[in-house]
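Structural characterization, general
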Amino acid sequence: MSKGVTVGNKKANLFPFSSWMVLFVLVPIALVVYYAFTDVNGFTLSNLKWIVTYRNTLWLSIELALIATVICVLLAYPIAYSMSRASARVQRNATLFIMLPMWMNFLVRTYAWMTLLEDNGLINSALRAIFGMEFPGLHLINNHGAIVLGMVYNYLPYMILPIYTSLTKIGQSLIEAARDLGANGSQVFGRVILPMSVPGIISGITMVFIPSISTFIISKILGGGKDFLIGDLIEDYFLGNSGVVNYNIGAALSLVIMVMILAATFIMNHFDKDAQTSGGGVI
Amino acid sequence: MKKLLTVYNVLISIFLYAPIFVIVFFSFNSGSSRAVFEGFSMQWYQELFEDELILKSLYYSVIIAVLSAIVSTLIGTLAAIGIHSLKGWKKSAFLAVNNIPVVNPEIVTAISMMILFVFALGFFHNAEMGFGTLLIAHITFNIPYVVLSVLPKLRGMDQNIYYAALDLGCPPMRAFTKVVIPQIMPGIVSGLIMAFTLSLDDFVISYFNSGATFQTLPITIYSMTKKPYNLKLNALSTLLFAVVLALMLVVNLKKPKKAEKKA
């Protein structure tokens, strides 16, 4: 740990930040908790009953976000690995190449997937043209698979980049040392490279899982609106797009997401610590 | 093995760029369909520049992004310096609060601020969400990223230089601007850029906190996608993409020279 240095007046430096964060971060979260446990008559636990009512939606959100996260890890690792082994110039260009699509508005990109996946979309048309036959059973959109695809597509870069960063931190000498000590290729990977990239995988998991579980746009565009996720419910209760505005139910559902993510972060940090200590043991 | 990896990387690249290709390709469609290409034309680009709603919301987006980036950089940089001088649980507490908007799902941050704004605006007659609430919301989600990009530079800073300046009779304020700020400047600049781009690109938080009249570009894009899809959006995205691509190429062509100098 670096020693603290006092530059200027400590309290004066922190004052704008403290007051801003209290007013616009802590007070709003307190308000979410307050709304979750009250209705027009005062304190109540009845908002939490909606969690049971919407348990299927909740499970579906967790399930799809988990699937998307696992797919992202599997897809991202080989890319991150090959990037980390490339020359400095290739590494820099590859990073830009992966980040570039994120500069196009994500709504427009998600609509482009609609163009690709529709029953008369580009993929189906291409298949028809190539094989010269109809695929009437092939529906690529308005199902769970399309939602997962949307999540993977939008958040894959957030998985690639942290894994890549953690892989670049592994010194070449460490890998050579493992080889000198008689480890074969898969042993080097399984006992040196993989354990040392766990912190990257973990921050990638958080960066993919959290936006996936709380999305409300991807499900709307690619899910055809029939499979509402928890994010869609929250949106509806706050903006009243389906006719009912109820901040209390919306706040209760938001609270559920917050608690789940807190728990997930806690478990993740636990894994992270394990990985660091065992990593230290390897060295 | 290496060949396999190359094939794999090409496949993933196709996956990442297929929608981009579709957007750019259909922006030149002479028909109005998002999925059937009828012929080449530039009509959507022409219509784009005649669309006042899009131009106005682009203007609003830039204003919000510039203002929120500047304010959050000021607050965040001071905060990073303050947090760096703390120790123990106080430091952890400040860092934890700073991380809340980073870790919380965007939609939760968005609705929590919306509750506050609706609650607070209830005390005023005729007050509505708009420029003010949007600016506050953007500053709020930008501050943590500025703090996180300045803090590492403070950690890597040689603090003795600051004390040396004081010993040599430099007033603390001057030592701050002449010694500390230059050393952490790269962190401040990257925080500013990050804040600007996050703000420019934000949809979820703006969606809940912008009200009915003050729309930024992502909000306008969203409202346009709900009506029959308009290819002006493709033209717009293609243009913005081209600008970013050009900027990146310029930056990237410049960088190798610097690296060579160092070597």
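Residues numbered from 1 in each chain as written. Chains lettered and ligands numbered in written order. Predicted model: local features only at pLDDT ≥ 70, side-chain atom pairs only at ≥ 80, totals over all residues.

Looking now at the overall build of chain B. On a plain count of helices and strands, chain B comes out with 11 helices and zero strands. When the helices and strands of chain B are listed from N to C terminus, the series reads α-α-α-α-α-α-α-α-α-α-α. For a compact globule of 263 residues, the expected C-alpha radius of gyration is about 18 Å, and chain B comes in at 23 Å, more than 25% above that figure. Overall size of chain B, expressed as C-alpha extent along the three principal axes, is 75 × 65 × 35 Å. Counting all 263 residues of chain B, 40% fall into the buried class. For chain B, long-range pairs separated by at least 24 residues make up 77% of all intrachain contacts whose partners lie at least 6 apart in sequence. (Helix = DSSP H or I, 4+ residues; strand = E, 2+ residues; numbered from the N terminus. Rg over C-alpha atoms; globule rule 2.2 N^0.38 Å. Buried ≥ 20, exposed ≤ 12 C-beta atoms within 10 Å, placed from the backbone. Contact = placed C-beta atoms within 7 Å.)

Right, let's get into the overall build of chain A. Within chain A one finds 13 helices and two strands. In terms of overall dimensions, chain A has C-alpha extents of about 75 × 70 × 35 Å along its principal axes. By residue count, 39% of the 283 residues in chain A fall in the buried class. For chain A, the proportion of contacts with a sequence separation of at least 24, taken over those separated by at least 6, is 74%.

This paragraph deals with the packing of helix H6 (residues 131–155) of chain B against helix H8 (residues 172–201) of chain B. What describes two packed helices is the angle between their axes and the distance between those same axes. Residue and element names in this part refer to chain B. With their axes 8 Å apart at the nearest point, H6 and H8 run at an angle of 155 degrees to one another. Regarding the angle of H6 to H8, the classification is roughly antiparallel. The handedness of the crossing between H6 and H8 comes out as right-handed. Listed contacts from H8 to His138, Phe141, Asn142, Tyr145, Val146, Ser149, Val150, Pro152, Lys153 and Leu154 of H6 are Gln183, Ile184, Pro186, Gly187, Ile188, Ser190, Gly191, Met194, Ala195, Leu198 and Ser199. A class-by-class count of the residues in the contact of H6 with H8 yields 12 nonpolar, eight polar and one charged. (Axes fitted to C-alpha atoms, helices over the stretch in contact; angles between N-to-C directions. Parallel < 35°, antiparallel > 145°, perpendicular 65-115°, else oblique. Left-handed = near helix turned anticlockwise from the far one by under 90°. Nonpolar A, V, L, I, M, F, W, Y, C, P; charged D, E, K, R; others polar.)

What follows is about the environment of Val108 of chain B. Within the element layout of this structure, Val108 of chain B appears in helix H5 (residues 106–121). Once the C-alpha coordinates of Val108 of chain B and Leu55 of chain B are considered, the two residues, 53 residues apart in sequence, prove to be 30 Å apart. Those residues in contact with Val108 of chain B that sit more than four places away from it in its chain are Ser214, Ser254, Ile257 and Met258 of chain A.

Trans is the common state for peptide bonds, and a negative phi is the common state for residues other than glycine. Phi is positive for Asn142 of chain A, which is not a glycine, with a value near 60 degrees. Position of Asn142 of chain A relative to the elements: it lies in the loop between helix H6 (122–131) and helix H7 (144–168).

Residues and elements named next belong to chain A. Look at helix H3 (residues 55–84) against helix H10 (residues 198–213): their axes get within 9 Å of each other, and the N-to-C directions meet at 145 degrees. Handedness of the H3/H10 crossing: right-handed. Contacts between H3 and H10 involve Ser61, Ile62, Ala65, Ala68, Thr69, Cys72, Val73 and Ala76 from the first element and Ile201, Gly204, Ile205, Val208, Phe209, Ser212 and Ile213 from the second.

Here we take up the interface of chain B and chain A. Often, the extent of an interface is quoted as the loss of accessible area on bringing the components together. Contacts between chain B and chain A engage 62 residues on the former and 58 residues on the latter. Ranked by residues supplied to the side of chain B that touches chain A, first place goes to helix H1 (residues 2–26) of chain B with 11 residues. The residue makeup of the side of chain B that touches chain A, split by class, is 46 nonpolar, 12 polar and four charged.

The next point concerns the domain arrangement of chain A. Residues and elements named next belong to chain A. Under the domain assignment used here, chain A contains domain 1 (12–44) and domain 2 (55–282). Distance from the C-alpha centre of domain 1 to the C-alpha centre of domain 2: 31 Å. With six residues of domain 1 at the contact, the number on the domain 2 side is six residues. Of all elements in the fold, only helix H1 (10–36) and strand S1 (38–39) reach the threshold of two or more residues within the side of domain 1 that touches domain 2. Counting residues per element, the side of domain 1 that touches domain 2 draws most heavily on H1, at four residues. Tallied by class, residues from the side of domain 1 that touches domain 2 come to four nonpolar, one polar and one charged. (Domains from an automatic or database assignment.)

A separate point is the environment of Tyr158 of chain A. As for its placement among the helices and strands, Tyr158 of chain A is situated in helix H7. Residues Tyr158 of chain A and Ser203 of chain A, spaced 45 residues apart in sequence, show a C-alpha to C-alpha distance of 8.8 Å.

Here we take up the domain arrangement of chain B. Taken domain by domain, chain B holds domain 1 (1–40) and domain 2 (53–214). Inter-centroid distance (C-alpha atoms) of domain 1 of chain B to domain 2 of chain B is 36 Å.

All names here are of chain B. Put simply, chain B has an average pLDDT of 90, and 97% of its residues get 70 or more. This stretch, residues 258–263, has a pLDDT under 50; its non-local contacts, to residues over four places away or in other chains, come to zero contacts. Across the interface, the model reports ipTM at 0.88; the global pTM reads 0.87. (pLDDT = per-residue confidence, 0-100.)

Now for H8 of chain B. Each α-helix turn comprises 3.6 residues. Residues three or four places apart therefore point the same way. All names here are of chain B. The largest bend along H8 reaches roughly 55 degrees and is located at Met185, with the proline Pro186 sitting one to four residues downstream. Within H8 the residues assigned to the buried category are Ala175, Val179, Val180, Ile184, Gly187, Gly191, Leu192, Ala195, Ser199 and Leu200. Looking at the packing, one finds that the buried side of H8 touches helix H3 (52–84), H6 and helix H7 (159–167). (Bend = angle between axes of the 7 residues up to and from the residue.)

Let's shift gears to H6 of chain B. The terminal C-alpha atoms of H6 of chain B, which comprises 25 residues, lie 36 Å apart, in line with the 36 Å expected from a rise of 1.5 Å per residue. Across the 25 residues that make up H6 of chain B, a large majority, 18, are buried. (Expected span 1.5 Å × (residues − 1).)

Another aspect to go through is the environment of Gly121 of chain A. Mapped onto the fold, Gly121 of chain A is located in the loop between helix H5 (106–117) and H6. Considering only alpha carbons, one finds Gly121 of chain A and Ile79 of chain A, 42 residues apart in sequence, at a separation of 29 Å. In contact with Gly121 of chain A, other than residues within four places in its own chain, are Thr115 and Leu116 of chain A together with Ala35 of chain B.

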